Amino acid sequence: LFFVELSPMASPAYEPGRPSDSAVELVRLLERAFRKAQAVDVEALCIVAGKRVWSIRCDVTLLDDRGNAADAACTAALGALLHFRLPAVSIVGSGSEAAVKVLPPEQAEPTKLVFHHMPVSTTLGLFRPAGGGGGGGGGG
């Protein structure tokens with residue numbers, strides 16, 4: 001799950017409270033880049049088949065908007081998910097009787113999320129040649 005907050009500190013255009021259209025659009029971008037593109041192996045989040053799974057929430061807060069917020073949000077989310085570690089668990093019993101105990105990091109090494117691929121957001125800009133003259137195809 002992804003959540004985006006556009007802080008009023010980032011721009012006077014952002015107001016606290018209900019998510020703006022820009023925040024909703026950034027959430028959709030992150031959902032497409034990570035969930036819909038299946039960047040993270042969701043099967044690795046399963047603890048007990050059909051009973052217990054890990055749920056991951058990624059919050060992105062925009063502190064300064066000077067353009068290119070989509071690329072910054074995608075890079076921040078990727079960095080956070082790459083840094084995240086799932087705690088190790090021990091499972092006692094089987095089937096519907098299975099009990100899950102989360103182990104402390106001192107007892108068992110936490111594991112990284114498994115990625116199928118790394119989503120990278122890139123924005124391109126096209127500029128007209130100086131002087132507005134003809135040399136190339138970009139209109140003018």
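Residues numbered from 1 in each chain as written. Predicted model: local features only at pLDDT ≥ 70, side-chain atom pairs only at ≥ 80, totals over all residues. Heavy atoms only, no water.

Draft legend 1. Region of the structure containing the overall build of the chain. Looking only at helices and strands, one finds two helices and eight strands in the chain. Reading the chain from its N end, one meets helices and strands in the order β-α-β-β-β-α-β-β-β-β. Dimensions along the principal axes, computed over C-alpha positions, put the chain at roughly 75 × 35 × 30 Å. When the 140 residues of the chain are sorted by exposure, 27% land in the buried category. In the chain, once contacts between residues fewer than 6 apart in sequence are set aside, the share between residues at least 24 apart is 68%. Accessible surface, the chain as shown: approximately 10000 Å² in total, 56% of it carbon and sulfur. Here the chain contributes 13 positively and 14 negatively charged side chains, and the mean placements of these two sets differ by 4 Å. (Helix = DSSP H or I, 4+ residues; strand = E, 2+ residues; numbered from the N terminus. Buried < 20%, exposed > 50% of the residue type's maximum accessible area, 1.4 Å probe, protein only. Contact = heavy atoms within 4.5 Å. Areas by Shrake-Rupley, 256 points an atom, 1.4 Å probe, with all protein chains shown as cover. Lys, Arg positive; Asp, Glu negative; His and termini not counted. Charge placed at Lys NZ, Arg CZ, Asp CG, Glu CD.)

Draft legend 2. Structural view of the layout of surface pockets. There is about 420 Å³ of room inside the largest pocket. Looking at the largest pocket, it is lined by 19 residues, and the ones nearest its centre are Leu1, Arg35, Val40, Val42 and Leu45. Considering only residue class, the lining of the largest pocket consists of 13 nonpolar, three polar and three charged. Of the voids in this model, the second largest pocket is the one considered here, and its volume is about 180 Å³. (1 Å grid on protein atoms, 1.4 Å probe; cavity = no way out; pocket = protein on both sides within 12 Å on 5 of 7 lines; lining within 4 Å. Points joined across faces, edges and corners; volume = space filled by probe spheres on them. Nonpolar A, V, L, I, M, F, W, Y, C, P; charged D, E, K, R; others polar.)

Draft legend 3. The arrangement of the nonpolar core in detail. In this structure, Leu30 and Phe34 are the most contacted members of the largest nonpolar core, which totals 26 residues. Elements with a minimum of two residues in this core: strand S1 (2-6), helix H1 (21-36), strand S4 (58-62) and helix H2 (69-83). Ranked by the residues each element gives to this core, the list is headed by H2, at six residues. When sequence neighbours within four positions are dropped, the list of residues in contact with Phe34 reads Phe2, Ala39, Val40, Cys74, Ala77, Leu78, Leu81 and Pro119. (Core = buried A, V, L, I, M, F, W, Y, C linked by side-chain atoms within 4.5 Å.)

Draft legend 4. Quick peek at the pairing of strand S7 (residues 99-102). One ladder, built from four bridges, connects strand S6 (residues 89-92) with S7; its direction is antiparallel. Within S7, the residue paired with Val92 across the bridge is Ala99. (Pairing = 2+ DSSP bridges.)

Draft legend 5. Region of interest: the packing of H1 against H2. Look at H1 against H2: their axes get within 10 Å of each other, and the N-to-C directions meet at 50 degrees. Classified by the angle their axes make, H1 and H2 are oblique. In this structure, H1 meets H2 at a crossing whose hand is right-handed. Residues Leu26, Leu29, Leu30, Ala33 and Phe34 of H1 lie in contact with H2, whose contacting residues are Ala69, Ala70, Ala73, Cys74, Ala77, Leu78 and Leu81. (Axes fitted to C-alpha atoms, helices over the stretch in contact; angles between N-to-C directions. Parallel < 35°, antiparallel > 145°, perpendicular 65-115°, else oblique. Left-handed = near helix turned anticlockwise from the far one by under 90°.)

Draft legend 6. Structural detail: the packing of aromatic side chains. Throughout the structure, instances matching the rule amount to one aromatic pair. Consider the rings of Phe2 and Phe34, whose centres lie 5.4 Å apart with planes at 35 degrees: the pair is tilted. You can see Phe2 sitting in strand S1 and its partner Phe34 sitting in helix H1, a full 32 residues away along the chain. The side chain of Arg57 reaches across the aromatic face of Phe3, ending 4.0 Å from its centre. (Phe/Tyr/Trp six-rings, centres within 6.5 Å; stacked < 30°, edge-to-face > 60°. Lys NZ or Arg CZ within 6 Å of the ring centre and 35° of its normal.)

Any functional reading would require information beyond the geometric quantities listed.
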